[in-house]
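For reference, the chains in residue letters:
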Amino acid sequence: MVEPKYDPKTGVWVCPVCGWTAMSKKVIKNHIKREHPEALSSQPSQDKQPSPKKAGGNEQKSTKNEGKKKRWAKFKVGDTTIKVEKRPEVEIHDQGGWRFFLTANYVAALHKQRVKVKLITGEELEGKLKARDPYFIGLILENGERIYINKAHIVWIKPLKEGNL
């Protein structure tokens, strides 16, 4: 078996087959296993010339990539087509029930109802609530104006009876 050689003058390990250097003996051993597998079974050559590359090197790379074909999902947003790589689903087994609260749409029950909304600025708005998004609400005011409000800026939402307006 071929063993890496230490060069005390430079302080690095050297591959005896091709002369490649590295700071670690383990790196050189892995290099020999990967690049010079024929040298592991035979005695090291005395000429220290780089070993010729295998002719089928490119064919091996193509067979490796065949099993890793990427799958793409396409969807349209307006006139733009977006192409994203489909990732394999990852199944996580942990106490993750709290993640439901991150995107839960608590105001969905108030969709298409008249409400009064107080913002963190102190401003109060009244109108018809549109609550389909987990992060924003839409509010249609009495004059027909539409306002979209991030839910992080809402202090409270008060449902109103139809008779109050």
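One structure accompanies this document, and this report is about it. (Residues numbered from 1 in each chain as written. Predicted model: local features only at pLDDT ≥ 70, side-chain atom pairs only at ≥ 80, totals over all residues. Heavy atoms only, no water.)

1. What to know about the overall build of the protein
Rules: Helix and strand assignments follow DSSP, with helices taken as H or I runs no shorter than four residues and strands as E runs no shorter than two, numbered in order from the N terminus. Using a 1.4 Å probe on the protein chains alone, a residue whose accessible area is under 20% of its type maximum counts as buried, one over 50% counts as exposed, and one in between counts as partly exposed. The contact rule is simple, with two residues in contact once any of their heavy atoms fall within 4.5 Å. In this description, accessible areas are obtained by the Shrake-Rupley approach with a 1.4 Å probe, and a residue is regarded as covered only by the protein chains that are shown.
On a plain count of helices and strands, the protein comes out with four helices and 10 strands. In the protein, the succession of α and β elements from N to C terminus is β-β-β-α-α-α-β-β-α-β-β-β-β-β. Buried positions account for 21% of the 165 residues belonging to the protein. For the protein, the proportion of contacts with a sequence separation of at least 24, taken over those separated by at least 6, is 31%. Total accessible area computed for the protein in this model is approximately 13,300 Å², and 53% of it derives from carbon and sulfur atoms.

2. A closer look at the nonpolar core
Selection rule: Here the nonpolar core consists of buried residues drawn from Ala, Val, Leu, Ile, Met, Phe, Trp, Tyr and Cys, with membership extended through side-chain atoms lying within 4.5 Å.
Within the largest apolar cluster, 13 residues are counted, with the highest numbers of intra-cluster contacts made by Val117, Leu129, Ile137, Leu139 and Ile149. Taken together, the elements giving at least two residues each to this core come down to strand S6 (114-119), strand S7 (124-130) and strand S8 (136-140). Counting residues per element, this core draws most heavily on S6, at three residues. If we skip the residues at most four places from it in the chain, isoleucine 137 touches Val107, Val117, Leu129, Lys130, Ile147, Tyr148, Ile149, Lys151 and Ile154.

3. Concerning the environment of isoleucine 154
Relative to the helices and strands, isoleucine 154 is located in strand S10 (residues 154-159). Beyond its immediate sequence surroundings of up to four residues, isoleucine 154 is in contact with Val117, Lys118, Leu119, Ile137 and Ile149.

4. Re the sheet that holds strand S1 (residues 5-7)
Spelled out, the test is: Note on pairing: DSSP must find at least two bridges between two strands before they are called paired.
Pairing in this open sheet of three strands is antiparallel, and the strands run S1-S2-S3 from one edge to the other. Pairing within the sheet leaves two strands with one partner each, and these edge strands are S1 and strand S3 (21-22).

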